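Remarks on the overall topology
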Amino acid sequence: MFTAEKAAVHDRISDFCQAHGLPQPTLTWSQIPFSGEWGIATSLFQLASQEAKASGAAGGQKINVPQRAAELAEQLAAQLQDTPGFSRIEAVKGYLNLYFSTADFAARVLGAVSQQGNRYGWGEPKQQRVMLEFSQPNTHKAFHVGHLRNMILGASLANILEAAGYEMVRANYIGDYGKDVMKWMWNYSKRHAGEQPPAKDVTRWMGDLYSESSRELEADPNGEAEIRELFSKWEAEDKTVYDLWLLTRQWSLDGFNEIYEQMGIRFDRIYFESEMERLCKPIIDDLIARKIAVDERAEGGTVVVKLDELLGLQEKYRVLVLLRSDGTSLYGAWDLALALTKFKDYDLHQSIYVVDVRQSLHFTQVFKTMELAGYEELMKKVLHLPYEVVNLPGNVIISSREGVVVLLEELIGQATERAAAIVAEKNPELDEATRLTVAQQVGLAAIKYPMLARETTKIATFDWEAALDFNGQAAPYIQYAYVRANSILRRAATAVQAAQPPQHELQPSEVELIELISRLPEAIQRAASEHKTLHITNLTYELAKGFNDFYNQCPVLQAEEPQRSFRLALVAAARQAMANGLALLGIDAPEVM
């Protein structure tokens, strides 16, 4: 917003600098913290610093930068007093503060929301492509709640980065290779040959067969040898084994897609571990030839990168194992191949990995190995974004390793049932089909919001009462505020008019709501730069709270004109801002509730 005003001010400051023999300015604008009036500010310290450097290089008098910044701000404040669009301009300790009139600012904000609609808050294209890799499930296993935070966090961050102006590539790296997959195929071939997966809940069925394979393997003395033989045939691309692998892998992928569709998640590119297994071998050979990796297989050892030894350190990076003694590769080797493949496939400004905090050392090792291999510039563009685990009620950590597995389908089903009961109580007049749709929207929102409203470095504890709270900081509270705004506009029975500067004195709740709406563009940029979804969850909640305060204090439909038209425009803008915030979080805004 206020692009034209900023451009006009920039041009006048540029003319001032040229007239006084100063360097051309680079201005960065920020919003002045709201305290009864709205404004923007820019610093003159950089301009003063540029002048000081130029003067020093020319042998001139030394310039005191803070003092000079204050002088420049004072001079420019006097020069810019007649600039259209601002109510007043002042200089404060080297900063130039420009304030808008309350009425004009209010109309401008509401007009921007009306004009931009579901793109309100979005930034200008940055001409930079970012790949964000998330989800990373394993085929031939169940999709459980342990995958939840990764999937929800990655999808929301991708939305936020896209809204901030980046060109996004949403990537998924699927584990489709290894002993666990062969173990599933071994069990299927021996006990379920020819059996087809069910039409729904495919991942549950795949998971049941995987659990069965673990039990059967423990009781079968020949199982390990048979699985190794199956693995050898797979590597040799034996047609029978390879075709069965492709078929059963697709069953898993179909199950994943069923869940992604239900969660409203999409991907632009899918990578597979099996692809990287083939691509990593030349990389490993090169690392051995260059003595970055050490081949100790002749002595029954492994191929390993002894990072601390290479760098003269102790217990910092430790070692990265690339190959087992039998020559089979490990996931560290696959990640080397994946890192290079991403940059080969796309011209990336940044490559972000959303992977849980327990893999932090692993990614540090992979990225450091790539640096040693000569890819320092590429490694400046990679980022591991760690997140903590999810706890069930009762402080039970969800972990497949510990045997605490709650299937995602079960959680979604329970969320929908609980939401349906609440919706039926709040609005018994809804027909059954609408009630089910709303229950699904509210249930999924209740699952997603708590995962996004906390620092990623903190454990997220899932609690049903908090997640489905219609009166607290939870998704249903925000959704209900949206529905309330929707109801007002529906009952108005007239089209919302373009917002004009208000003719009445704005009430505190009106001012506060306009202020909250105006924050969305800045919140998106901050969330993108810090990779923190909580900036969006917090603002969207504050928007809902601000709207409810306005709703309780300011009549809308009963107000006289032109106050009525202005307030209807404010309701429409608040509704759109809440919807946009929820959309960034991957949450639907129900029409009724």
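Residues numbered from 1 in each chain as written. Predicted model: local features only at pLDDT ≥ 70, side-chain atom pairs only at ≥ 80, totals over all residues. Heavy atoms only, no water.

With respect to the sheet that holds strand β1 (residues 29-31)
The four strands lie next to each other as β1-β2-β4-β3, forming an open sheet whose pairing is antiparallel. Whereas interior strands pair on both sides, the edge strands pair on one side only; in this sheet they are β1 and β3 (88-92). Averaged over all pairs of adjacent strands, the angle between their axes in this sheet comes to 25°, without regard to strand direction. Judged from the three bridges that link them, β1 and strand β2 (residues 39-43) form a sheet pairing that is antiparallel. Paired with serine 30 across the two strands is alanine 41, which belongs to β2. Packed onto the sheet, helix α3 (residues 65-79) meets β3 and β4 (95-99) and runs at close to 170° relative to β3. (Pairing = 2+ DSSP bridges. Helix = DSSP H or I, 4+ residues; strand = E, 2+ residues; numbered from the N terminus. Axes fitted to C-alpha atoms, helices over the stretch in contact; angles between N-to-C directions. Contact = heavy atoms within 4.5 Å.)

Some words on the nonpolar core
In this structure, Leu96, Leu148, Met151, Met263, Ile514, Ile517 and Phe547 are the most contacted members of the largest nonpolar core, which totals 133 residues. Examining the composition of this core, we find that 13 residues originate from one element, helix α22 (residues 563-584), more than from any other. In this view, methionine 151 contacts Phe134, Phe143, Ile259, Tyr260, Met263, Ile265 and Leu408; residues no more than four positions away in its chain are not counted. Core analysis: the next-biggest nonpolar cluster, separate from the first, contains 59 residues, Tyr177, Val181, Met182 and Leu323 among them. (Core = buried A, V, L, I, M, F, W, Y, C linked by side-chain atoms within 4.5 Å. Buried < 20%, exposed > 50% of the residue type's maximum accessible area, 1.4 Å probe, protein only.)

Here's the deal with the sheet that holds strand β10 (residues 319-323)
On the basis of which strands lie adjacent, the open sheet formed by three strands has the order β8-β9-β10 and antiparallel pairing. In this open sheet, the two strands that pair with only one neighbour each are β8 (294-295) and β10. Summarising the sheet, β8 and strand β9 (residues 303-306) pair through two bridges and their orientation is antiparallel. Following the sheet pairing, valine 294 is matched in β9 by valine 304.

Structural notes on the packing of helix α8 (residues 223-235) against helix α9 (residues 239-263)
Between α8 and α9, the shortest axis-to-axis distance is 8 Å and the interhelical angle comes to 90°. Taken as axis vectors, α8 and α9 run roughly perpendicular relative to one another. Residues Leu230, Lys233 and Trp234 of α8 lie in contact with α9, whose contacting residues are Val241, Tyr242 and Trp245. (Parallel < 35°, antiparallel > 145°, perpendicular 65-115°, else oblique.)

Side note on the packing of aromatic side chains
For the structure on display, the rule yields 26 aromatic pairs. For the pair tyrosine 353 and phenylalanine 363, a centre-to-centre distance of 5.1 Å together with 50° between the ring planes defines the contact as tilted. Residue tyrosine 353 is located in strand β11 (residues 350-354), and its partner phenylalanine 363 is located in helix α13 (residues 360-372); the two are separated by ten residues in the primary sequence. Grouping residues by exposure puts tyrosine 353 and phenylalanine 363 together as buried. Centroid distance phenylalanine 547 to phenylalanine 550: 6.2 Å. Interplanar angle 50°. Geometry classified as tilted. With a gap of three residues between them, phenylalanine 547 and phenylalanine 550 both fall in helix α21 (residues 534-553), about one helical turn apart. Summarising the burial analysis for this pair, phenylalanine 547 and phenylalanine 550 share the class buried. Aromatic ring contacts, followed pair by pair, group Tyr177, Phe231, Trp234, Tyr242, Trp245 and Trp334 into a single cluster. Residue placement shows arginine 88 over the ring face of tyrosine 99; its charged tip is 4.1 Å from the ring centre. One cation-aromatic arrangement involves arginine 119 over tryptophan 122; the distance from NZ or CZ to the ring centre is 3.9 Å. (Phe/Tyr/Trp six-rings, centres within 6.5 Å; stacked < 30°, edge-to-face > 60°. Lys NZ or Arg CZ within 6 Å of the ring centre and 35° of its normal.)

Topic: the pairing of β4
Taken across its five residues, β4 has four buried, putting it largely inside the fold. One ladder, built from five bridges, connects β2 with β4; its direction is antiparallel. Residue pairing for β4: isoleucine 40 is matched across the bridge by leucine 98. With five bridges connecting them, β3 and β4 associate as antiparallel partners.

Some details on a nonpolar patch on the surface
A surface patch of nonpolar side chains, about 220 Å² in accessible area, is lined by Leu310, Leu311 and Leu313. With respect to the element layout, leucine 313 can be found in the loop between α11 (307-311) and β10. (Patch = residues over 30% accessible without salt bridge, like charges linked within 9 Å, V, L, I, M, F, W, Y side chains within 5 Å. Areas by Shrake-Rupley, 256 points an atom, 1.4 Å probe, with all protein chains shown as cover. Salt bridge = Lys/Arg side-chain N within 4 Å of Asp/Glu carboxyl O.)

Section: α8
For α8, with 13 residues, the first-to-last C-alpha span of 18 Å sits near the 18 Å given by 1.5 Å per residue. Of all the positions in α8, only Gly223, Ile227, Leu230, Phe231 and Trp234 are classed as buried. The arc enclosing the buried residues of α8, seen along the axis, measures out at 100°, which places them on a common side. Turning to α8, the residues buried within the fold contact α6 (179-191), α7 (202-219), α9 and α10 (273-289). Backbone geometry just downstream of α8 places glutamate 237 in the positive-phi region, at approximately 55°. (Expected span 1.5 Å × (residues − 1). Arc of directions from axis to C-beta.)

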